[in-house]
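Notes for the structure review
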Amino acid sequence: MRYAFCLNFDPLIGLLLFAGSVYAYTIVLAPTVLEGDKALFQYTPYVLGVTYPTGFPFYLLLGKLWLLLFPFGEIAWRMNLLSALCAAAALPLLYGALRRLLESRWAALVAVLTFATLPTFWHWATVAKTYPLNILLLASVLYLLSLALNKQKSLGSTPYATRNTSIFRAAYDISPLAIPTGLLGLQISVHNTAILLVPGLLLLAWLNFRQYLLDKKLALLHAFLFLAPLLFYLYIPLRAEGLIAHYGRQEAIQRGLLADFYQTGQAGLVDYFLAAKFTGGIVSNWGLIPERFATVYVPLLADNFTLMGIGLGIIGGLALAILRPRMFWPLFFIYIVPIPFVLTYDQGEQSAFLLPSFLMFSIFLGGIVNLVERLLATQISPSPSGLWPLVSRLLPALVFFTLIPFLYLPQIRYNYNWLEAKWNRAIYDEWADVLEHPLAEGAAMLAHWGDLTPFWYMQYAQNRRPDLRGLYPPTEEIVREWFATGGQNLYLAGPLQGWASGVQERYQLIPWGRLVRLAPRHIAPQTLLPSLPPVEVTFKPAATNPAKLRLLGVDYPPQASGGSDCAVTLTWQALADLPPETTVSLRLSQGDTIVAQLDDTLLSGWFPSETLPVGQHVLSYAPIPIPLGTLPRSYRLQLVVYTYYKEPWLASQGTTVLDLGNVEIISPPTNYKLTSPKAMLPQHDFNGEIELTDYDYSVRRVGQGKGFALKLLWRAKQQPADNYTLLVEMVDAEGNILRAVAHRPVDGQAPTATWQTGQFVRDQIDLVVPASTPVGTKGLRVRLSWLWPDGSKLNLRRWFLPLGDSLDLDWLAITEKEGRVFAAPPVQYPIHANLGNKVRLIGYNVAATPEPGLSTRIFKQQISQQACTANPDSCHIHFDFYWQGLREMEEPYLVFLHVVDEQGQIVTQHDRAPGQRAKQPTTGWLPGEVVADPIDIQLPPNTVPGQYSIYVGMYLPPEGPRLPVLDNQGQAGADFVKVGVITVIP
């Protein structure tokens, strides 16, 4: 009964392993195209190309079938998803196999979860590559062999043929090795390093199924089943020769369809399938294995298993060697054979080639549970009804659960943080930008092969610039051959390979946005630049400097759409040597507001010089990203040049900002689709008119009294019926409203009644966390409601389900303001002035000593003009003011201290936020809180003799209003407090 219960329970464990790993691997799945091998395996199945040796034919054909059967999403993402599904599918198969081989559910779980959380396995489960499929097939082989072993135990040693009971098991009845043998051959057609698994698997078969290996007829059957999948390798010459016949060999290589390793003819095929150009080290490096085992293999093992995992794996492996030798030694051969190959091969991803070996080590680690179970079994319980049977069942489970916080959770956290940061859209964005550059028809991109694979992907997957070609490696020989065979337009798209020195003397080089254009030296550089509308403007760092840069031409579209780029092309000539930080800033502005901006240096990253020499011609390409939801209207396109952003260069017109013209921003088409992660979430709409399509906080953690920005992206599902007001409420975890703000969209510039159907509107609301907000990870969230003119709320829906009238956004973590003080210190000059019922000025201390005999109601000091001129420090006075909050404030008031003459003219002043280093904004003050505010003033040395008054107060930036000083009856008087008098004497 107990074993039957396990059989019923194990499928559920397998299902949970699959579902959990699919979720774990897909949440950090690479979102789009990458580079190198990863990009190659993202697009080659789609176009049925031919890769580098040894071709991986079954993976390519399976990938093509997968793309046909699953036509959803970007091609790169779909191929990445195939890896995640293969990796996830391998885990329940491994669990089923190890459940039988180790005869323990807990041992199987320990082994499978150890392997599932290895950084190397998790990494390759999130990108397009052959390794997850390779592991899936190996898991299938082990699963079927474990089934056969289990059946053989239950039936004894009688051959299966005499036990045939159903057609379904006919293959097993003929030979239990039949299907595993075919799968092993299929695995070799995925990646030929699977041949390294044959010794261990053959030993496993010899120890347990020897009669089937000795049968001559079955031996022929096994040989046929093993070799038949290798026919997939016929794909390589058939497809390669077809590509050569269609394009020609060189063009097929330049199109990224054919690896340059492939050569027509028998000798070429032998070299290709044996990977002759890669395997030389296998023969020559054997003497390095002991050293590399310590310096290469052991660190790889530690990186994946941690030191604790290595220790447990060694102990568990020794336990299996003693307790289950017939099972251990075949697995040990599978573990050990790939290691010398990897240490001598010197090519590719070493840790990836070791995945089968790592899988075996994970099984050894599971042997820890076998060891515990065997030790428990040797104990004799004094009474069958005692606690020992229960303990013997719980202790193996305890081993498993102990490993969760010490091994699995740290691995999971590491993998998640590592891969979330590693996989992004940077490669896609870079090449999308490059392929929008002004590039001549039929041009070639020169770079290393690994740099060109994302370029080829975008050509085929997105049909971007299919006329371009890729040249590699980036050697001078390749460049000479290109020009010698009639090629004209060539662009450097990556680093040169060893010939950067002196290249400018042999070729004409022009920085070309992200690229560099190469041409024969005799061609005049200005003839290589595109013909743009001419502009004659020069720039210089300062009015007294000579001009250093000339703008020759500008081209830009008169109209652009929100959510896209406004591509500006400019041509330049250096009039002096220019440093690498020479930067061009292009902006779309309306008045003083910049709605879109792109800053980039003139110097291309691939230009082989650190500076731009005098006379150098340059093309700069600036795709200014226009935020989706930018209000449709006309904006000024402006240009600024600088080497330090606070010191813009002067244009020949005498201004630092050069107006280039107008660009009309229009709304994107009504069928525009968002690509951000939040866009995949169900959207919320108000009254069926306005939907929230995206939002973000400027921070995720904010202190009490500090500010943050809420960025919103709205879309009109249909034109709103009226001008609504957005109610923005900050609420705590108990649902209490901490503060509410009524907001007009885009500061009143975009009334909702003007929104057109399908229009996006981007908005930003600057909010301040109340000083009394509860601290914690869920201290505050924002709630949104749209209000009719009469104040009633619009209804909220999610899909078509009513959800009330308010939408709660994500939580913000709130941190406590440190160092709050509520007791007022002793002061020299007590004042107790009430400023607008918001702040009390308690008083102040002064470091200077007042002149004897003068009144001390307020500070009075005499200063000698002569002494002040001779020693400016004698004109310095330090104050320590003490403020007290009377109520919470929503506005960040600034403190002003003015020294004014008898005519009311300011001779010196101090204006900034209160507190030490201006770090105590008034928005963070609680009622009764006391804030110390040090202020220093310095009289100018040429201050004329006379009497000067010192005024203190608070105001809202930038220009007011000031907080009024209230008397005891609450009546407003002056808008400052007089705190001192300075008399300057000759």
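1. Brief notes about the overall build of the chain
A count of helical and extended segments in the chain gives 28 helices and 36 strands. With the principal axes as the frame, the chain shows a C-alpha extent of 120 × 95 × 65 Å. Burial analysis of the chain (986 residues in total) assigns 50% to the buried set. Counted over contacts in the chain with a minimum sequence separation of 6, partners at least 24 positions apart contribute 72%. Of note, the chain has its 71 positive side-chain charges centred 11 Å away from the centre of its 73 negative side-chain charges.

2. A few points about the pairing of strand β6 (residues 534-540)
Here β6 pairs with strand β7 (residues 549-555) via 4 bridges, running antiparallel. Pairing of T538 across the sheet is with R550, part of β7. The sheet contact formed by β6 and strand β14 (residues 650-651) spans 2 bridges and is antiparallel. Of the residues in β14, the one forming a bridge with K540 is L650.

3. Some points on the state of the cysteines
Each disulfide is one covalent bond, formed between the sulfur atoms of two cysteines. Applying the stated rule across the entire model yields 1 disulfide. Residue pairing for C868: its cysteine sulfur links by disulfide to C875, the two sulfurs lying 1.5 Å apart. Neither C868 nor C875 differs from the other in exposure class; each is buried.

4. Description of helix α9 (residues 178-190)
Note on helix geometry: an α-helix contains 3.6 residues per turn, so any two residues three or four positions apart are oriented the same way. Compared with an ideal rise of 1.5 Å per residue, which puts 13 residues at 18 Å, α9 spans 19 Å between its outermost C-alpha atoms and is within 8% of the ideal. Among the 13 residues in α9, 12 count as buried, and that is most of the element. Here α9 has its buried residues at A178, P180, T181, G182, L183, L184, G185, L186, Q187, I188, S189 and V190.

5. Regarding the sheet that holds strand β17 (residues 690-697)
The pairing of strands in a sheet happens through backbone hydrogen bonds and is either parallel or antiparallel. Here 6 strands make up an open sheet; going across it, the order is β22-β19-β17-β16-β24-β25 and the pairing antiparallel. Single-partner strands in this sheet number two, and they are β22 (760-768) and β25 (801-802). Pairing of β17 with strand β19 (residues 707-716), which is carried by 7 bridges, proceeds in the antiparallel orientation. Counted as the bridge partner of Y695 is L712 from β19.

6. Here we look at the packing of aromatic side chains
Counting across every chain of the model gives 62 aromatic pairs. An angle of 75 degrees between the planes, with centres 6.3 Å apart, marks the rings of Y695 and Y697 as edge-to-face. Taken as a pair, Y695 and Y697 share a single burial class, namely buried. Between Y844 and F881 the ring centres are 5.2 Å apart and the planes differ by 40 degrees, which places this aromatic pair in the tilted class. In this pair, Y844 is assigned in strand β28 (residues 839-846) and F881 in strand β30 (residues 876-885), connecting sequence segments 37 residues apart.

7. Comments concerning the confidence of the model for the chain
Confidence in the prediction of the chain, expressed as mean pLDDT, is 91, and 94% of residues score 70 or more. Contacts of residues 1-7 to residues separated by more than four positions or lying in other chains number 4 contacts, the stretch itself having pLDDT below 50. Predicted confidence for residues 157-168 stays below pLDDT 50, and this span has 15 contacts to residues more than four positions away or in other chains.

8. Looking at the sheet that holds strand β20 (residues 725-731)
Pairing is mixed across the open sheet formed by 5 strands, whose spatial order is β18-β26-β23-β20-β21. Whereas interior strands pair on both sides, the edge strands pair on one side only; in this sheet they are β18 (701-703) and β21 (737-743). Each strand of the sheet is rotated relative to its neighbour by a mean of 30 degrees, with strand direction disregarded. Two strands pair when backbone bridges link them, and β20 and strand β23 (residues 776-787) are joined in this way by 7 bridges, in the antiparallel orientation. Looking across to β23, one finds that E729 is bridged to R783.

9. Quick look at the packing of helix α18 (residues 325-336) against helix α21 (residues 355-377)
Look at α18 against α21: their axes get within 8 Å of each other, and the N-to-C directions meet at 145 degrees. The two elements α18 and α21 cross, and the hand of that crossing is left-handed. When α18 is examined against α21, the residues F328, L331, F332, I334 and Y335 are found in contact with a partner set consisting of S357, M360, F361, I363 and F364. Of the residues in the contact of α18 with α21, the class split is 9 nonpolar, 1 polar and no charged.

10. Brief notes about unusual backbone geometry
In this structure, T54 follows P53 across a cis peptide bond, with omega equal to 5 degrees. Relative to the elements of secondary structure, T54 occurs in the loop between α2 (37-47) and α3 (57-69). With an omega of -10 degrees, the peptide bond between Y472 and P473 qualifies as cis. You can see P473 is positioned in the loop between β2 (469-471) and α25 (476-484). Even without a glycine there, the phi angle at F56 is positive, about 50 degrees. With phi around 60 degrees, A918 is a residue other than glycine that occupies positive phi space. Looking at where A918 falls in the secondary structure, it is placed in the loop between β32 (906-912) and β33 (930-938).

11. Looking at α2
Of all 11 residues in α2, 9 are buried; the element is thus mostly enclosed. Among all positions in α2, only K38, A39, L40, F41, Q42, Y43, T44, P45 and V47 are buried. Elements in contact with the buried residues of α2: α3, α4 (75-101), α6 (119-124), α13 (235-247) and α24 (449-462). Downstream of α2 by a residue or two, L48 has a phi angle that is positive, lying close to 55 degrees.

Rules used in this analysis
- Residues numbered from 1 in each chain as written.
- Predicted model: local features only at pLDDT ≥ 70, side-chain atom pairs only at ≥ 80, totals over all residues.
- Heavy atoms only, no water.
- Helix = DSSP H or I, 4+ residues; strand = E, 2+ residues; numbered from the N terminus.
- Buried < 20%, exposed > 50% of the residue type's maximum accessible area, 1.4 Å probe, protein only.
- Contact = heavy atoms within 4.5 Å.
- Lys, Arg positive; Asp, Glu negative; His and termini not counted.
- Charge placed at Lys NZ, Arg CZ, Asp CG, Glu CD.
- Pairing = 2+ DSSP bridges.
- Disulfide = S-S within 2.5 Å.
- Expected span 1.5 Å × (residues − 1).
- Phe/Tyr/Trp six-rings, centres within 6.5 Å; stacked < 30°, edge-to-face > 60°.
- pLDDT = per-residue confidence, 0-100.
- Axes fitted to C-alpha atoms, helices over the stretch in contact; angles between N-to-C directions.
- Left-handed = near helix turned anticlockwise from the far one by under 90°.
- Nonpolar A, V, L, I, M, F, W, Y, C, P; charged D, E, K, R; others polar.

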